[in-house]
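Coordinate inspection notes
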Amino acid sequence: MNPFSTHAPRSLRGVIWMAAAVVAAAGGLAVASLLPEGNPLHASAFVVSLAGKYLSYAMLALAVDLVWGFAGILTLGHAAFFALGGYAMGMYLMREIGARGVYGNADLPDFMIFLSWKNLPWYWWGSEHFAWAAVLVVAVPGLLAGVFGWLAFRSRVSGVYLSIITQALTYALMLAFFQNGLGFGGNNGLTDFKDILGADLHAPLTRAVLLLVTGLLLAASLLAARFVVGSRFGSLLVAVRDAESRTRFLGYRPEQAKLLVWVFSAMIAGVGGALYVTQVGIINPGEFAPANSIESVIWVAVGGRGTLCGAVLGAILVNMGKTLFTAWLPEFWLYGLGLLFICTTLFLPNGLMGLWRHARKAPPEEVTPEVADTQGEEA
Amino acid sequence: MRRVSTTCLLAALWLGVMLLPGHGARADAFADLASPQLGAVTAAISTLAASPDPQAGVALQALGERNLFAAPDGSVYIRHGESYVEARTGQPQASVPEGLKPIRLNNRIRTALAGVQAGRDLLAPQPATRLRAADALYARHDPAMLPLVEHALAVEKDAAVRTRLTEVRAATILGQPPAPDALASRLEAVRALGAVGGAQARGILAGVAGSDAEAPALRHEAQAAVSRIDWHLRAWGVAQNAFYGLSYGSVLLLAATGLAITFGVMGVINMAHGEMMMIGAYVTWMVQQAIRATVPALEPVAILVAIPVAFVVCGALGIVIERGLIRFLYGRPLETLLATWGLSLILQQAVRSIFGPTNIAVQTPGWLSGSVAVGGMDITLNRLAILVFAGLVLGGLMLVLRHTPLGLQMRAVTQNRRMAALMGIRTPRVDALAFGLGAGLAGLAGVAVSQIDNVSPNLGQSYIIDSFMVVVFGGVGNLWGTLAAALALGMGGKVLEPAIGAVSAKIAVLVLVILYIQRHPRGMFPVRGRGVES
């Protein structure tokens, strides 16, 4: 039996509530951060940047849930799209520094002068324009996902094999970005940002606006994702997830459906990465580490796979837990995370959303038996 | 005895060659040591070095130790603590002339003295000393040493020293400015150097080939020798890289076979496999510590004791993990992947808490240290041992799979789980044993890796992705596939490495495997048949 049900918690009402809650929380924190220092409701810059980080991660989790929860693709490399989006935005932020860098060069970022480069590499072209950066933020992850997915789904790479090669993809990218010669700052990545669109990145107002924008974009992505999975196309995805061969025999093209949702998901991850960079202030190759991608999967599993809201919830809760844990008991965070992986898969196959639904006594939806899938395929 | 008589003979011959001017020259030589002209001093050193007079050696040694003094009248004295002896005669002096000054050393004099020492060492009884002396002479190209080198060459028996001396002789000849009458000897030297080969010889020959002052015939010959040496160096370089590749491939093979078995039988990717390797390495360390504390005499073979211990410990741990965790996730391979990842985090942190986050020092026993030179390549013994070990493990595994009931059952479950169950095979038991076997193999890999890599809690992480690549590249349920994939990935990386660098080579291999999987989604050796589950 497939332990994952897809329906009740992703009901339109639930998603709208979740989106509203996200916007309200982001807006509330943004306002609170603008209150004077002595006010009991004042939110410090640290809290604001943490909240921005959580919401960016929630976008990554949403992206993972789209492909894992609805198309059955367990991705172990989604952080690659997140990081690529981050680097695209980071390039723009680097150029915004202009002549205020250590070497005072108006055109070249510091690390290029350090490598004694004379010109910007071609792929940095246009990076001084925010609009171009915004295009790159979705285009680069989308393009990579398109090429990778087109190759992988067309040749019916699936299951664990697909998981492993997504992991290899992000690992290869990590190795590549660690190299100075690639022109993205090597080990140190891109950092020391000053402005965005002329506004000081360290000013409370800019940070409050960024947090609000993150909340709005997360809410928009949530609604867009709900629109996708609620459409006929979404039903096709679920069909592909539960019985890919049957769907194919019925005349659908599973690989096209998978490719579409895969690219869409990569773009959401890219936007998440871009928002992350503006608020955390650094992007380095460590973001490509395979462990990050796997962690983003556990956020989804904790919240509840195939529920959209659960992904957002899971990402925020697990990351809050991480922040608290690493502050109080740094030694034990890995035990906690490890147990979270094990206990969620063993005892909470439907995540927190499943638990909530159970508490509300909503009967689980009838799900397709999985027998057909494991027997019929690739015979 | 024989060496001593040879030395006497040589000393006599040397006298004949270099001391024809006779005693008078020697007498002057002592005085010349104090000469203000550098040329005279170095000439005097050469003369004295060739002298059979024991007093000459004493004087030179004193010069090196700054104990040689010159009086304004030209007489030379050696200081022994507070007293002085006359350098020429060795007579103790009650009083010394006024204005006695130490003879100063400078670089040229030091070099000359070092050459003298090298000349003496060239005839020393130990081959190692002679080889060192030849090395020292090689760098100097001192034509004055040529007769000595030629003599040493004539009496030398040791092959390595002979080769080196041949090089020294040729290098010395070629190091002199070209003269028309020396063409024959220079040609011979070029040929000798060409025959010896190696990077240093290539450097000298390239210098000759590129020099306008040399005769065209000589330059041509040198050029030919350079390209011959280049070809040799390249061929040995390829061989060396192939060995590195083979060695890395054997490590990958060890790391991946266990993974391939669990994946083949259960369709489960064990993300904690790398941590099993890490535990195997820690077990090696513990076995070494225990043996050192109890029976120090057995320390050299501690590594051999660690092999079965690591297998049993990791295998038992694997069975516990299967019974305690994996079996509840039966039929959900992707969830298993997440759960074992969680397990790997816990194991890492547990080892970190117990043994500390830093590297531990696993000893490499003496019989596994060092390397042997085969032609132009170095074979390190520990890597060679791992290569052999990987072969033995693979062979043993093949035997288990082919000729034991467990192997038969595992193969049956791999091919068609349901049918195997219907035939009366207790698949849960096979699962547990297969998982235990896989973990035990990881433990063996850990023992091997502890000999070539840092042992820290992060050890597993550095191998796990490469091992996955091997498994998906090779295909499931076929050990030949695993073997081929491990060697292909190991060799592929090392062959690309010189051209594009280590990291780029790694990236290239990853990308190639990703692309290969697109063409062959089930690896190089897929299991075929109706029973294949997705």
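Conventions adopted
- Residues numbered from 1 in each chain as written.
- Chains lettered and ligands numbered in written order.
- Predicted model: local features only at pLDDT ≥ 70, side-chain atom pairs only at ≥ 80, totals over all residues.
- pLDDT = per-residue confidence, 0-100.
- Contact = placed C-beta atoms within 7 Å.
- Pairing = 2+ DSSP bridges.
- Helix = DSSP H or I, 4+ residues; strand = E, 2+ residues; numbered from the N terminus.
- Nonpolar A, V, L, I, M, F, W, Y, C, P; charged D, E, K, R; others polar.
- Domains from an automatic or database assignment.
- Axes fitted to C-alpha atoms, helices over the stretch in contact; angles between N-to-C directions.
- Left-handed = near helix turned anticlockwise from the far one by under 90°.
- Expected span 1.5 Å × (residues − 1).
- Buried ≥ 20, exposed ≤ 12 C-beta atoms within 10 Å, placed from the backbone.

1. Description of the confidence of the model for chain B
Residue and element names in this part refer to chain B. Counting all residues, the mean pLDDT for chain B is 83, and 93% of those residues have values of 70 or more. Low pLDDT, under 50, characterises residues 8–13; the stretch is placed with four contacts to residues that sit more than four places away or in other chains. In this model, residues 15–26 is a region of pLDDT below 50 whose contacts with residues beyond four sequence positions or in other chains number ten contacts. Two numbers describe this predicted complex: its pTM, 0.78, and its ipTM, 0.86.

2. Notes on the pairing of strand E7 (residues 377–380) of chain B
All names here are of chain B. As defined by bridge partners, strand E6 (residues 371–374) adjoins E7 across four bridges and the pair is classed as antiparallel. Bridged to alanine 373 within E7 is aspartate 378. Hairpin connection between E6 and E7: a loop of two residues separates the two successive antiparallel strands, and glycine 375 in this loop has a positive phi of roughly 60 degrees.

3. Examining the interface of chain A and chain B
Listed by partner, the interface residues are 41 residues for chain A and 37 residues for chain B. If you list the elements that add at least two residues to the side of chain A that touches chain B, you get helix H5 (130–154), helix H6 (159–177), helix H11 (290–303) and helix H13 (333–347) of chain A. Looking at which element gives the most residues to the side of chain A that touches chain B, the answer is H6(A), with 13 residues. Looking at the side of chain A that touches chain B residue by residue, the classes come out as 28 nonpolar, nine polar and four charged.

4. Thoughts on the domain arrangement of chain B
Here chain B is described as being made up of domain 1 (2–155) and domain 2 (252–460). Placing the centre of domain 1 of chain B and that of domain 2 of chain B at their C-alpha centroids yields a distance of 64 Å.

5. Side note on the confidence of the model for chain A
Detailed reading of the predicted model is not advised wherever pLDDT is low. Residue and element names in this part refer to chain A. Mean pLDDT for chain A: 88, with 92% of residues reaching 70 or above. The secondary structure element of chain A with the lowest average pLDDT is helix H15 (residues 371–376), at 39, and the one with the highest is helix H10 (residues 254–280), at 96. The model gives residues 1–9 a pLDDT under 50, and that stretch makes 30 contacts with residues more than four places away or in other chains. Predicted confidence for residues 366–379 stays below pLDDT 50, and this span has 26 contacts to residues more than four positions away or in other chains.

6. Digging into the sheet that holds strand E1 (residues 68–70) of chain B
All names here are of chain B. Spatial ordering of the open sheet is given by E4-E3-E2-E1-E5, a layout of five strands whose pairing is antiparallel. On the outer flanks of this sheet lie strand E4 (92–93) and strand E5 (101–102), each paired with one strand and no other. Summarising the sheet, E1 and E5 pair through two bridges and their orientation is antiparallel. From the neighbouring strand, alanine 70 faces E5, where its bridge partner is lysine 101.

7. Points about the packing of helix H11 (residues 216–266) of chain B against helix H20 (residues 479–500) of chain B
All names here are of chain B. In the contact formed by H11 and H20, the axes pass within 7 Å of each other and the chain directions differ by 145 degrees. Between H11 and H20 the crossing geometry is right-handed. Across the interface between the two elements, Asn241, Ala242, Tyr244, Gly245, Leu246, Tyr248, Gly249, Leu252, Leu253, Ala256, Thr257 and Ala260 of H11 pack against Leu479, Thr482, Leu483, Ala486, Leu487, Leu489, Gly490, Met491, Gly493, Lys494, Val495 and Pro498 of H20. A breakdown of the residues in the contact of H11 with H20 according to their chemical character gives 16 nonpolar, seven polar and one charged.

8. Observations regarding H11(A)
Residues and elements named next belong to chain A. Taking 1.5 Å of rise per residue, 14 residues should cover 20 Å, and H11 covers 21 Å from first to last C-alpha, within 8% of that figure. The buried count for H11 comes to 13 of 14 residues, which makes it a mostly enclosed element. Remark: glycine 304 follows H11 within two positions and exhibits a positive phi of approximately 125 degrees.

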